[in-house]
Amino acid sequence: MDLSCTMVIFGGTGDLAHRKLLPAIYNLQYEKLLPENFTVIVVGRREKTDEDYREEIYRSIKAFSRFEVNGEVWNNLRDRIYYWSMDFLQEETYGLFNRFLSEKEYQYDTKGNRIYYMAVAPEYFEGIVDKLHRHCMDEGIKGWHRVVIEKPFGRDLNSAKYLNDKIVQVFQEENTYRIDHYLGKEMLQNIMVLRFANMIFEPLWNNRFIDHIQIFSSETVGVENRGDYYERSGAMRDMVQSHMLQLVSLIAMEPPNDLDTKSIQDEKVKVLKAIKKMAGKDIEENTVRGQYGSRRSERGEISGYRQEARVAPHSNTETFVALKLYIENFRWAGVPFYIRTGKRMPEKSTEILIQFKTMENILYFKDKQLQPNILVIRIQPMEGIFFQFNAKEPGTRQRIIPVEMDFCQNCRVGINSPEAYERLLYDVMRGDRTLFARWDEVEYAWKFVDNILEAWKNHPPIFPNYEAGTWGPGEADKLLQKDHRNWINR
Ligand SMILES: NC(=O)c1ccc[n+]([C@@H]2O[C@H](COP(=O)([O-])OP(=O)(O)OC[C@H]3O[C@@H](n4cnc5c(N)ncnc54)[C@H](OP(=O)(O)O)[C@@H]3O)[C@@H](O)[C@H]2O)c1
């Protein structure tokens, strides 16, 4: 497959480009996955030369790349990185920019193939796409033009629909790559393999054998320097609408007919469509929101959310969400899916926990409390699979104890899993959209989230309601306790 292309990164001086995108491109070069005919053009507002940019990005690559920086690999890449300074709000700058792109295309023989990566604040997506359309996509262009859109894709269903219409009018759906970087993570790709390539799991993957599922993603950090973004977003839009519902759809989907993009995405969408709609009292009973407050510890004071930079002093933005949902289909009817995500929690971790039903208390286990089987898919920072089952405790007494099998993928020597962005950038070059969100996935996820956000508006929260460094508000524990269950923090 010919991967020749020019990759244009709008927002090349930003945090995402420095920490993720350019290190990912370096790693692809290291792995010899970049094509010969390839160049990267990064766009920023600040004035700087190519050399200035190359030096800056070299330092970032050294800090963030998963491979050590190798002189030969870097030299091969550095001369193909160019910096272009422009204010992308100014229409008149695009003609000159397009001429520069064409020159580089000619120099590197990239066959007219272009990737436009929008690593900029979401309010600029539409404007840039519109100007690219008018100045950089002449009739009769050679090659393909693809656009990569960072999350968040809209801030509700209406704004997402509006943005989507604008983008697909220019690039069409098949050239639109909506990033949800969780989908690029190794263990997410492993979920389908685990389910559909193992006889011991798939027959049990339903409401006959599974008691409930917990999906959680926690961070120890607060909003860091992204207060202005987070104020407009909150945990529901930032995490649940995208990452958490993607995890739900992968765990709950039916086996696809085929491994092609359409078959997989069709099955994921069916799950999102089947999530039971909540209204009024259901939302009150099945959702919990929280915001972290300050905490004094031996190491000093940890700020509360309202004290963070660029956050309103009386902000009601949620930094934590817990909720229970049901999927209304034959496989999952009656099985609760509990979701929990938050900032400033005790640990950084993303996991999916499947708790199986307990065995009937018969035979010689009659008077003993058997522990349920638990399967945990660890996504980050550890990657692996944990399984808990019951065994006899060695000795003369008939005691049953839970024992564990723990497969840690990234503890194995020699396994250095690719960063999500490496996989995703490579897939954009290859034209494979399987690990990107199709429009109807985004659409149904917004429908679910909008409904809850709308109901929350009528009941202002009392924030802050959890201390930094804890597992969220007490109501989140009660959400499970009233079902006689508990969050399992492994
Ligand atoms: N950072 C992350 O970890 C992360 C994670 C997930 C998603 N995202 C998404 O990725 C996108 C970028 O985030 P970020 O954190 O990298 O943002 P950022 O650090 O604020 O960077 C913004 C970039 O946009 C450029 N820019 C802004 N206005 C411009 C203008 N008028 N003309 C030309 N360039 C302009 C800036 O250039 P100058 O610096 O030269 O002004 C800078 O390169 C956002 O949509 C964000 O939601 C980021």
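Residues numbered from 1 in each chain as written. Predicted model: local features only at pLDDT ≥ 70, side-chain atom pairs only at ≥ 80, totals over all residues. Heavy atoms only, no water.

**Here we look at the UniProt feature "active site" (unreviewed entry) in the chain**
Phase 1 of the analysis: UniProt annotation of "active site" (unreviewed entry) refers to His243 when read in the numbering used here.
Phase 2 of the analysis: Tracing the sequence through the fold places histidine 243 in helix H8 (residues 227-252).
Phase 3 of the analysis: Here histidine 243 falls in the buried class, since its relative accessible area comes to 2%.
Phase 4 of the analysis: Aside from chain neighbours lying at most four places away, what touches histidine 243 is Lys151, Asp180, His181, Tyr182 and Asp238.
Phase 5 of the analysis: Separated by 3.2 Å, the side chains of histidine 243 and lysine 151 make a polar contact. (UniProt positions renumbered as here; feature names shortened; annotations may be inferred. Helix = DSSP H or I, 4+ residues; strand = E, 2+ residues; numbered from the N terminus. Buried < 20%, exposed > 50% of the residue type's maximum accessible area, 1.4 Å probe, protein only. Contact = heavy atoms within 4.5 Å. Polar contact = N/O pair within 3.5 Å; in protein donor to acceptor, adjacent residues only side chain to side chain.)

**Topic: the environment of proline 346**
Phase 1 of the analysis: Along the chain, proline 346 falls in the loop between strand E13 (337-342) and strand E14 (349-356).
Phase 2 of the analysis: For the pair formed by proline 346 and glutamine 189, sequence separation is 157 residues and the distance between their alpha carbons is 27 Å.

**Quick look at the sheet that holds strand E4 (residues 114-118)**
Phase 1 of the analysis: An order of E3-E2-E1-E4-E5-E6 is seen for the 6 strands of this open sheet, with the pairing classed as parallel. Two strands bound the open sheet, and with one partner strand each, they are strand E3 (81-85) and strand E6 (176-178). Each strand axis lies, on average, 20 degrees off the axis of its neighbour in the sheet, ignoring direction.
Phase 2 of the analysis: Two elements, strand E1 (residues 5-10) and E4, share 5 bridges in a ladder whose sense is parallel. Bridge pairing in E4 links threonine 6 to arginine 114.
Phase 3 of the analysis: Across the sheet, helix H2 (residues 50-64) lies against strand E2 (38-44) and E3, angled at about 120 degrees from E3, the strand it touches most. (Pairing = 2+ DSSP bridges. Axes fitted to C-alpha atoms, helices over the stretch in contact; angles between N-to-C directions.)

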